[in-house]
Structure formats: structure tokens, C-alpha cells
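Residue-level listing of the chains:
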Amino acid sequence: MTSELFSPLHLRSGHVLKNRIAKAAMEENMAGDGQLPDRRLLSLYRRWAAGGAGLLITGNVMVHAEALTGPGGVVLDENAPLRPFREWAEAGRSGGGAVWMQINHPGRQVASGMPGVVWGPSDVGVDLGRHSGRFGRPTAMTPARIDATVTRFAATAHRAEEAGFDGVEVHAAHGYLLSQFLSPLVNKRTDRWGGPLENRARMLLDVVRAVRAAVSPSFAVAVKLNSADFQRGGFDADDARRVIGMLEPLGVDLVELSGGSYESPAMTGRSADTRTQAREAYFLDLAEDLVKTSPLPLMLTGGITRRATAERVLDSGVAAVGMGTALAVTPDLPDRWRNHREADRQMAPVAWSDKALASAAGMARVRHQMGRIARGNDARPRIHPAYTLLSEQWKQRGALRRYRAWLAASRGAGTA
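Residues numbered from 1 in each chain as written. Predicted model: local features only at pLDDT ≥ 70, side-chain atom pairs only at ≥ 80, totals over all residues. Heavy atoms only, no water.

A. Main features of the pairing of strand E6 (residues 98-104). With seven of seven residues buried, E6 lies mostly within the body of the structure. Where strand E4 (residues 55-57) meets E6, three bridges bridge the pair, whose relative direction is parallel. Looking at the pairing, isoleucine 57 lines up with tryptophan 100 of E6. One ladder, built from two bridges, connects strand E5 (residues 61-62) with E6; its direction is parallel. Looking at E6, one finds that valine 61 is bridged to isoleucine 103. Judged from the four bridges that link them, E6 and strand E9 (residues 167-172) form a sheet pairing that is parallel. Within the sheet, the bridge partner assigned to isoleucine 103 lies in E9 and is valine 170. (Buried < 20%, exposed > 50% of the residue type's maximum accessible area, 1.4 Å probe, protein only. Helix = DSSP H or I, 4+ residues; strand = E, 2+ residues; numbered from the N terminus. Pairing = 2+ DSSP bridges.)

B. Looking closely at the pairing of strand E13 (residues 320-323). By the alternation rule, side chains of E13 split into Ala320 and Gly322 and Val321 and Met323, which are all buried. Here strand E3 (residues 21-23) pairs with E13 via three bridges, running parallel. The partner of lysine 23 across the bridge, within E13, is methionine 323. Note that strand E12 (residues 298-301) and E13 share three bridges and pair parallel. Bridge pairing in E13 links threonine 301 to glycine 322. With helix H9 (residues 307-315) bridging E12 and its parallel neighbour E13, the resulting β-α-β unit is right-handed. (Right-handed = clockwise from strand over helix to strand, strands pointing away.)

C. Representation of the environment of glutamine 346 in the model. Along the chain, glutamine 346 turns up in the loop between helix H11 (333-338) and helix H12 (355-374). With a relative accessible area of 46%, glutamine 346 lands in the partly exposed category. Separated by 36 residues in the primary sequence, glutamine 346 and arginine 382 have C-alpha atoms spaced 8.6 Å apart. In this view, glutamine 346 contacts Thr305, Arg306 and Pro381; residues no more than four positions away in its chain are not counted. (Contact = heavy atoms within 4.5 Å.)

D. Structural context of the packing of helix H1 (residues 39-49) against helix H2 (residues 83-93). With their axes 7 Å apart at the nearest point, H1 and H2 run at an angle of 20° to one another. Judged by the angle between their axes, H1 and H2 are roughly parallel. Crossing angle aside, the handedness with which H1 passes H2 is right-handed. Only Glu87, Trp88, Ala91 and Gly92 of H2 make contact with H1, whose side of the interface consists of Leu41, Leu42, Tyr45, Arg46 and Ala49. Residue composition of the contact of H1 with H2, grouped by class: six nonpolar, one polar and two charged. (Axes fitted to C-alpha atoms, helices over the stretch in contact; angles between N-to-C directions. Parallel < 35°, antiparallel > 145°, perpendicular 65-115°, else oblique. Left-handed = near helix turned anticlockwise from the far one by under 90°. Nonpolar A, V, L, I, M, F, W, Y, C, P; charged D, E, K, R; others polar.)

E. Here's a closer look at the environment of lysine 224. Among the structural elements, lysine 224 can be located in strand E10 (residues 220-226). For the pair lysine 224 and glutamate 256, spaced 32 residues apart in sequence, the C-alpha to C-alpha distance is 4.6 Å. Other than its neighbours up to four places away in sequence, lysine 224 contacts Ala25, Gln102, Glu169, Val170, His171, Ala172, Ala173, His174, Glu256 and Ser258. Side chain to side chain, lysine 224 and glutamate 256 meet in a polar contact 3.4 Å long. (Polar contact = N/O pair within 3.5 Å; in protein donor to acceptor, adjacent residues only side chain to side chain.)

F. Representation of the side chain of serine 294 within the structure. Looking at where serine 294 falls in the secondary structure, it is placed in the loop between helix H8 (284-290) and E12. At a separation of 2.6 Å, a polar atom in the side chain of serine 294 contacts the main-chain carbonyl oxygen of leucine 296.

G. How the structure looks around the environment of valine 124. Note that valine 124 resides in the loop between strand E7 (119-120) and strand E8 (139-140). Spatially, the C-alpha atom of valine 124 lies 6.6 Å from that of proline 138, the residues being 14 residues apart in sequence.

H. Geometry of the packing of helix H6 (residues 202-214) against helix H7 (residues 237-247). For the pair H6 and H7, interaxial distance at closest approach is 11 Å and the crossing angle is 30°. Relative to H7, the element H6 is oriented roughly parallel. Note that H6 runs across H7; the crossing there is right-handed. Contacts between H6 and H7 involve Leu204, Leu205 and Val208 on the former and, on the latter, Val243, Met246 and Leu247. For the contact of H6 with H7, the residue count by class is six nonpolar, no polar and no charged.

Given below as C-alpha cells:
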């Protein structure tokens, strides 16, 4: 009997995914010269494409060259050459699955010391206690900057289609810019973008409308949305339910549910809210509630590592399962599941008491595994997280020098 995991998923745009397993977005931190995809990303995505997933979603591609989470970010704007992106799309599609580009603006979640801009809906900084200095202090966006950013999202989506990607996913989760506008804890505006949820959702809805208008009807458009922020008084499951309803008339194909932010890293299994402490499928309880009323197909990401868990997610009514860390360790896991095999190894969460530092180390360790896969090696899930964190910080220094030089030459440092 064929599992529903390996049945096709038909989306409203006419796009068809060959199965219900997706490689969820993970920030690869592998931009080459000019903030462009290079051979490492091509190699990495060929490995994933050969592994059997029906969909690969790239790590977040930045829509604004002056606003990156870190110096290793890929940028696709009006000035970027398309050839490297065409090669990336070809690599992602080489196994017969689809490849979508996740498009994003970091807003206030920009590392301190980065050139360029740090924007947010308000001037509320990231609160990580003694680690708050890791991020720059944001400036509240003007209406003109909001409108320009909406245009940037649409331009990136249009160019992604030109490059051969099958769709885009608008990132409105994990505390990035669009998620910041949705959050009443971060969005303190009193104009048409602040206050009630209808206003806080305005920028996301405008972005989706602009993206849908900039691409062809058969090009997939998805949104990544927090099921909740897991902060008291923040964006919650009821808000998520209402936003999904707002997205339905706009031509959205799929909503991916995740959760958390740097301040409450539920996406790594370490939220500030103990309601999500679970070994697998962190957000399944919330998804089971949201799927009852959702007019759009939902995809659930977060902590899924075993086939039985993935099938339980689909049994709840969720349309697709997304995996990140599991595929960073075992890139052929979908094919293993098809052959009734599981992963040989898994990567345990970083259990340090300092949640902010544990989250950073955990993400660095995942990126280390992606780097190994890109070089044609197997993952090393038992590597010490402190080593990967320190190693990444050292590499970031060189990447920052290259990014500064490129930005100064191509845009002018600090331009808006």
C-alpha cells in the first residue's frame, strides 16, 4: 500500500509536487562573490535533489542588498546576474522535484557590525538579554521604505521565475521583517500598518499581492507563517488562523507553518514557552487546530525526523511535511523512507542552559553539516556545537570583508 507521503500534491496554480515531502528552508550562509550562489550551493542542492524530496525550498534569498542577516547571504535584486540563479534552479530540479526560492527581508534581525540598514516596523530592538548586542538597533520604516520593500519582493519573485525556479515562498515567520509587522510586541505603529491585526498584516498582504501580480499564474506562491511566536502577548494561533484566511483570496498555493524567533527559538525546539517542548513535530498540536479551518493547504515544519511522525502529520490533515535538520544530516531520507528505512543517525538538540547561545550554536552546527554535504562528504552529527559556532564566527569575518567591499563598490555603503 502506497503511503500518502508519496502521493502527488496538486496546488491551485496548477503546480504539482511529486510527493508530500519538502526540504524546508535553512540559511546556508554560502554566498560566493557578489552575494551570488556558487558551486557549493549547486553541489548541495544536487545532493538534496537526488534524495527524493518532492520539493526543495532554498534558504532565504534577500530582496534588499543593504539588508542581510549576515555576510554570507545570497541576494537576488534587479542588479544581480541571473546565470548563477539559473544554475541553482537546474541543480534543484535535477532529481525531478520542484524547487522554490524563499524570499526574505531580515528587518531588525541584522547582525551588529553589518553595513547597510537595520529596519523594522518600530525602533524596538531584538531582546536577547546579555546577547542583545548581537543585533543592530532598528530604525522605524517610513511609508516610502515600506512601499519600496514591497516592490523589492515582487522584483525578486519575477527574477526567480525568469531563472527557472518553480515558485517562491514569502518568509513571514521566525521574527524577520514581515513577521515583525505581524507581532504586536514589535509593531508599535499607530498608522495604517499598526494596531489591529488587519493593519499589522497589511505589509504581508501587499507583498503577496505584488508577488502574485509579478509572476505567471502557474508559478507557485507560498507563505511561511508562524503558528505562534511563543511570546506572551505576541502573534498567536488565533492570529495565524485569521491571517491564513486573509491570504486565501490572494492566490497563495500553500502556507508553511513554523514558529518562534531569535527571542523565542521554538523552530529549534527551544522556545521560551514550554507548551512546545516536544521531541518531534514541535508545532503539530497547533497545526491540528489550524487545519480544521484553513482554506489553504498547510505544510508543517519543525522537528520531524521519522517516517511515522511524518505520516502522523499527514493524518492530521496537513498536506505536506517539511524537514530541515533531518535532511542536513541525511540528504536521501525521502528515498530511505520510500524503501522503509530510517536515518542511520540524528543530531541531538543543543541543550545548553543559555537558550539564545544554544540556538545560535545549533544553527551553526546545521550549517556545518550542509557544508560537508556540499563538499561531497557525509554529515558529522556528533561534532561539538561550540566548535561549529567558533568556526563559523571565524569564517564570517572574511565573508564580512568581502560583503563590505562588494556593497561599497556596487551600491554605496549605507544606501537605503
